[in-house]
Amino acid sequence: MLTIDQVTQKSAPRLGGLHPVLLAAVNALIQRSYARGVPIVITAGMRSFAEQNALYAQGRTKKGDIVTNARGGSSYHNYGLAVDFALLLPDGQSVSWDTKRDGDGDKLTDWQEVVQEAKKLGLEWGGDWTSFQDYSHLQMAFGLTTAQLKAGQRPTAEQVKMALSRINGGDEQVNKDVEITINLNGAKLTAGVLDNGTTYVPVRALAEALGAKVTYDPVNKTVNVETQ
């Protein structure tokens, strides 16, 4: 089995020049996808205008299939705000663009698992586009058009701060000052806390009171709840 370090190193050569926020998001995506049993590799990152124009020529004035509708300066890749990814196969060398592959056998395609995690991190997916769907493409546009970027406009400090907060999970501290009581069938069961509309309660106390068994897997950092 590939280690996370091996998986991470596969993408390292293509992460240069990325905007720091996108770089943080991509590193988090690689780790989160790996944790779900789906190793990925970044196949493209920052591109110069000349490289973009050469790619645009493919399938038009050069041999090959059309892979982009964006000329130099009209792609988020040109500003370090986009990457392309593929699935990294178990041999650690081969990659796959099979969007229907279910390598971890969880009845959800590996591609969709990656996309789910990408969207949680605030990334936009090219597969959601209507005019030209690019299933490998992920970007963080900060609400800016490529025309605005070409004119020199860049994400604000506040946009960067908010994006990083989302990537890092926001405020990691739970407000423990708002203590609440958890009742089961009218009787006090345990105490919990309420933070920003979310109730936190000891899972073991609640599950065992309902007749379930709770175990913890430290290797996978997973809490397992088993009902009778």
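Just above sits the structure.
Described in the following lines is the structure provided in the data block. (Residues numbered from 1 in each chain as written. Predicted model: local features only at pLDDT ≥ 70, side-chain atom pairs only at ≥ 80, totals over all residues. Heavy atoms only, no water.)

**A closer look at the overall build of the protein chain**
Here's step 1: Broken down by element type, the protein chain carries seven helices and 10 strands.
Here's step 2: The C-alpha radius of gyration of the protein chain comes to 22 Å, more than 25% above the 17 Å expected for a compact globule of 228 residues.
Here's step 3: Expressed as lengths along the three principal axes of its C-alpha atoms, the size of the protein chain is roughly 75 × 40 × 30 Å.
Here's step 4: The proportion of buried residues among the 228 residues of the protein chain is 36%.
Here's step 5: Within the protein chain, residue pairs in contact and separated by at least 24 positions form 51% of the contacts whose partners lie at least 6 positions apart.
Here's step 6: Total accessible area on the protein chain stands at roughly 13,400 Å², and carbon and sulfur atoms take up 51% of it. (Helix = DSSP H or I, 4+ residues; strand = E, 2+ residues; numbered from the N terminus. Rg over C-alpha atoms; globule rule 2.2 N^0.38 Å. Buried < 20%, exposed > 50% of the residue type's maximum accessible area, 1.4 Å probe, protein only. Contact = heavy atoms within 4.5 Å. Areas by Shrake-Rupley, 256 points an atom, 1.4 Å probe, with all protein chains shown as cover.)

**As for helix α2 (residues 20-35)**
Here's step 1: Over its 16 residues, α2 extends 23 Å from the first C-alpha to the last, a length consistent with the 22 Å expected when each residue adds 1.5 Å.
Here's step 2: Taken as a whole, α2 has its buried residues at Val-21, Leu-22, Ala-25, Val-26, Ala-28, Leu-29, Ile-30, Ser-33 and Tyr-34.
Here's step 3: Looking at the buried positions of α2, the neighbouring elements they touch are α1 (4-11), β1 (40-44), β2 (82-88), α4 (110-120), β5 (137-139) and α6 (157-167).
Here's step 4: In the segment just after α2, Gly-37 is the residue with positive phi, at about 85 degrees. (Expected span 1.5 Å × (residues − 1).)

**Notes on a nonpolar patch on the surface**
Here's step 1: Residues Val-203, Tyr-216, Val-223 and Val-225 make up a contiguous nonpolar surface patch of about 350 Å² in total accessible area.
Here's step 2: Here Tyr-216 is to be found in strand β9 (residues 213-217). (Patch = residues over 30% accessible without salt bridge, like charges linked within 9 Å, V, L, I, M, F, W, Y side chains within 5 Å. Salt bridge = Lys/Arg side-chain N within 4 Å of Asp/Glu carboxyl O.)

Keep in mind that these numbers describe shape and distance, not what the molecule does.
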